[in-house]
Amino acid sequence: MTRMTSSARPLLNRRLAEFGTTIFAEMSALALSTGAINLGQGFPDTDGPEEVREAAVRALRDGLGNQYPPGPGVPELRTAVAAHQQRRYGLSYDPDREVLVTAGATEAIAASLLALLEPGDEVIAFEPYYDSYAACIAMAGGTRVPVTLRPHEGSFRLDLDELRDAVTDRTRLLLINTPHNPTGTVLTRAELAAIAELAVERDLLVVTDEVYEHLVFDDAEHVPLATFPGMRERTVTIGSAGKTFSFTGWKVGWVTAAPELVTAVRSAKQYLTYVASGPFQYAVAEALALPESYFTAFRDDMLVKRNLLAAGLEEAGFRVFRPSGTYFVTTDIRPLGETDGFAFCRALPERAGVVAIPNAVFYDHREEGAPFVRFAFCKRTGVLEEAVRRLKGVGGA
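Remember, it's a predicted structure, so these values are computed and weren't measured experimentally.

With that settled, consider the pairing of strand S2 (residues 99-102). On S2, burial covers both faces: Val99 and Val101 on one face and Leu100 and Thr102 on the other are all buried. Bridge count between S2 and strand S10 (residues 253-256): four bridges; the pairing is antiparallel. Bridge pairing links Val99 to Thr256 in S10.

Put into structure tokens, the structure is as follows:
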């Protein structure tokens with residue numbers, strides 16, 4: 001017989017007590033149980049380029065990465081990441097000292113925060129934020145300080161005065177995400193310059209999640225924060241192969257930063273997964289060297305899908321915020337006579353055969369996100385067309 005402890009102390013670490021099962025697990029399970037189209041979780045329903053998949057197969061057959069790869073990542077991938085940053089942004093990184101390969105961007109975020117925070121340090125993050133941010137800050141013993149992006153003229157915008165006011169003597173780090181999940185906002189050069197000036201003035205570290213760097217639409221542009229004066233030496237930039245090449249299950253991400261920052265992040269990362277994704281690292285190295293035509297075609301395809309889903313949601317009665325980046329559309333359900341995104345999303349699979357995500361789960365201030373719902377458009381065109389057809393009845397259209 002198992003002996004249960006008599007202690008009244010909860011089993012779960014109190015830092016994680018506020019975090020239950022992720023909303024993605026809940027809504028994906030609901031999609032399976034109802035047969036609904038899953039536009040909730042952000043993963044493609046087709047694989048990426050065949051030549052990249054074949055590169056992974058070749059690595060497996062050639063015995064590349066089948067055993068533990070080097071802790072910092074295989075040299076081929078670190079070199080490819082450095083070349084990518086130089087080619088696209090003019091950022092020069094030493095592959096041996098300033099690039100670290102991680103088990104996806106999620107581990108990069110966790111390792112960065114665990115490495116750079118002490119208990120009690122404050123971290124400013126833009127809400128709504130990717131849900132792992134809050135959990136990783138908590139695990140590191142930090143205190144999250146949300147600065148809310150609010151709707152303004154068809155998109156969600158940052159209030160720079162509110163950001164400045166949020167910085168205190170306890171602020172250690174800014175956690176920036178651009179292009180921004182879930183709102184699709186892409187921070188402008190002017191906004192990034194202001195953030196950089198603030199970071200330098202207050203001597204703050206910055207972690208930037210740039211995994212959607214290749215999915216920027218219309219007149220928006222992605223500009224890494226590390227390119228601004230005074231930022232290269234204080235910025236940890238995070239990238240990922242999953243979003244760009246549609247191999248999310250491979251879990252290959254990376255960090256680029258000054259040697260002291262990479263050393264700190266690696267010190268935490270080595271006790272998380274140690275290493276991961278050996279053969280896939282070789283394949284991603286080849287993927288990063290694909291011609292510019294691949295990246296252009298990838299973006300153009302997603303733009304067509306964005307427009308398809310956005311138009312369908314508007315026709316169904318949603319207020320739509322067309323994203324400038326990422327592969328998510330945020331909508332306002334109040335024109336449908338709804339105000340509770342959680343209740344709406346839990347009922348939607350039975351009501352319309354579609355799954356979405358309530359944005360409120362990405363907020364500390366739940367009331368700020370209550371009427372907003374996120375849909376993913378990284379799906380086959382036929383799937384999106386069927387989802388649009390199903391959603392037409394939601395608003396009585």
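So much for the structure itself; the text now carries on.
A few words on the UniProt feature "domain: Aminotransferase class I/classII large" (unreviewed entry) in the chain. Following the UniProt record, the feature "domain: Aminotransferase class I/classII large" (unreviewed entry) maps to residues 36-391 here. The straight-line gap between the two end C-alpha atoms of residues 36-391 is 11 Å; of that span, 41% is helix and 18% is strand.

It is worth spelling out the packing of aromatic side chains at this point. For the structure on display, the rule yields 18 aromatic pairs. Seen from their ring centres, Tyr212 and Tyr327 are 5.5 Å apart, and the 80 degrees between their planes marks the pair as edge-to-face. Taken together, the residues Tyr212 in the loop between strand S8 (205-209) and strand S9 (235-240) and Tyr327 in the loop between strand S11 (319-321) and strand S12 (328-332) connect sequence positions 115 residues apart. Site record: aromatic cluster; members linked through ring pairs are Phe245, Tyr294, Phe295 and Phe298. Across the ring face of Phe328, the terminal group of Arg374 is positioned such that the distance to the ring centre comes to 3.6 Å. Directly above the ring of Phe43 sits Lys379, whose terminal nitrogen or CZ lies 4.0 Å from the centroid.

A sheet is described by the order of its strands in space; here seven strands give the open sequence S2-S10-S9-S8-S7-S3-S4, paired in mixed fashion. Either end of the sheet is taken by a strand with one partner, and the two such strands are S2 and strand S4 (143-148). Adjacent strand axes in the sheet meet at a mean angle of 20 degrees when their direction is disregarded. Sheet topology places strand S3 (residues 122-127) next to S4; six bridges connect them, and they run parallel. Paired with Ala125 across the two strands is Pro146, which belongs to S4. The strands touched by helix H3 (residues 75-89) within the sheet are S2, S9 and S10, with S2 carrying the most contacts at an inclination of about 115 degrees.

Scanning the model with the defined rule gives 28 salt bridges in all. For Arg53, the salt bridge is made with Asp47, and the minimal N-O distance between the two is 2.9 Å. Assessed through its relative accessible area of 32%, Arg53 is described here as partly exposed. Of the charged contacts in the structure, one is a salt bridge between Arg390 and Glu386, with a shortest N-O distance of 2.9 Å. Taken together, the residues Arg390 and Glu386, both in helix H14 (residues 381-391) and four residues apart, mark about one turn of the helix.

Here we come to a nonpolar patch on the surface. Side chains of Leu114, Met139 and Leu272 sit close together on the surface and give an oily, nonpolar patch of about 230 Å² of accessible area. Checked against the element boundaries, Leu272 lands in the loop between helix H9 (259-269) and helix H10 (278-288). The exposure class assigned to Leu272 is partly exposed, which follows from its relative accessible area of 41%.

Attention shifts here to unusual backbone geometry. The omega angle of the peptide bond from Glu127 to Pro128 is 5 degrees, so this bond is cis rather than trans. Within the secondary structure layout, Pro128 lies in the loop between S3 and helix H5 (131-139). The step from Thr178 to Pro179 runs through a cis peptide bond, and the omega angle for that step is -10 degrees. Within the element layout of this structure, Pro179 appears in the loop between strand S7 (171-177) and helix H7 (189-201). Although it is not a glycine, Asp203 adopts a positive phi angle of roughly 55 degrees.

What counts, and at which threshold
- Residues numbered from 1 in each chain as written.
- Predicted model: local features only at pLDDT ≥ 70, side-chain atom pairs only at ≥ 80, totals over all residues.
- Heavy atoms only, no water.
- Buried < 20%, exposed > 50% of the residue type's maximum accessible area, 1.4 Å probe, protein only.
- Helix = DSSP H or I, 4+ residues; strand = E, 2+ residues; numbered from the N terminus.
- Pairing = 2+ DSSP bridges.
- UniProt positions renumbered as here; feature names shortened; annotations may be inferred.
- Phe/Tyr/Trp six-rings, centres within 6.5 Å; stacked < 30°, edge-to-face > 60°.
- Lys NZ or Arg CZ within 6 Å of the ring centre and 35° of its normal.
- Axes fitted to C-alpha atoms, helices over the stretch in contact; angles between N-to-C directions.
- Contact = heavy atoms within 4.5 Å.
- Salt bridge = Lys/Arg side-chain N within 4 Å of Asp/Glu carboxyl O.
- Patch = residues over 30% accessible without salt bridge, like charges linked within 9 Å, V, L, I, M, F, W, Y side chains within 5 Å.
- Areas by Shrake-Rupley, 256 points an atom, 1.4 Å probe, with all protein chains shown as cover.

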